[in-house]
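# Results of the structural survey
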Amino acid sequence: QVQLVESGGGLVQPGGSLRLSCAAAGSSFQRYGLGWYRQAPGKQRELVARVSSGGTTIYADSVKGRFTISRDNAKNTVYLQMESLKPEDTAVYYCAAGSTIPFTFWGQGTQVTVSS
């Protein structure tokens, strides 16, 4: 079992930056794939970025070149560095973990609002 807790969300102006963190409690963190997903009002949850246990990353086309996912196995933490934020990035961001897709474990989410 893995418990995930996100932090780092908030209100930011267009063009600004935020870094989301997701701390995991439980075993086998280093063996899991990790991901960040988001859900905007009235829309389905979508993949933002994912990193495998071996460090391979994938990104949604909408965030390529602006967002970076990384993991620190020593700290049981996964990060999402977000740059050049746009209003359309506004959503609740969730981290997830697991051995297979779809991921098994999910956090409660953190709100990111991009607005002037």
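See the structure shown above.
Notes on the structure in this doc start here. Everything quoted here is computed from the prediction, not taken from an experiment.

### Let's talk about the overall build of the protein chain
A count of helices and strands for the protein chain gives 0 helices and 11 strands. Counted from the first residue to the last, the protein chain has its helices and strands arranged as β-β-β-β-β-β-β-β-β-β-β. Computed over its C-alpha atoms, the radius of gyration of the protein chain comes to 13 Å, within 12% of the 13 Å expected for a compact globule of 116 residues. Viewed in the frame of its principal axes, the protein chain has a C-alpha envelope of about 40 × 25 × 25 Å. Looking at the protein chain as a whole, 42% of its 116 residues qualify as buried.

### Re the sheet that holds strand E8 (residues 77–82)
Strand order in the open sheet made by the 4 strands is E1-E3-E8-E7, with antiparallel pairing throughout. The open sheet has two edge strands with one neighbour each: strand E1 (2–7) and strand E7 (67–72). Ignoring which end each strand starts from, the neighbouring axes of this sheet average 15° apart. Pairing between E1 and strand E3 (residues 18–26): 6 bridges, direction antiparallel. Residue pairing across strands places Gln3 opposite Ala25, the latter belonging to E3.

Cut-offs and rules
- Residues numbered from 1 in each chain as written.
- Predicted model: local features only at pLDDT ≥ 70, side-chain atom pairs only at ≥ 80, totals over all residues.
- Heavy atoms only, no water.
- Helix = DSSP H or I, 4+ residues; strand = E, 2+ residues; numbered from the N terminus.
- Rg over C-alpha atoms; globule rule 2.2 N^0.38 Å.
- Buried < 20%, exposed > 50% of the residue type's maximum accessible area, 1.4 Å probe, protein only.
- Pairing = 2+ DSSP bridges.
- Axes fitted to C-alpha atoms, helices over the stretch in contact; angles between N-to-C directions.

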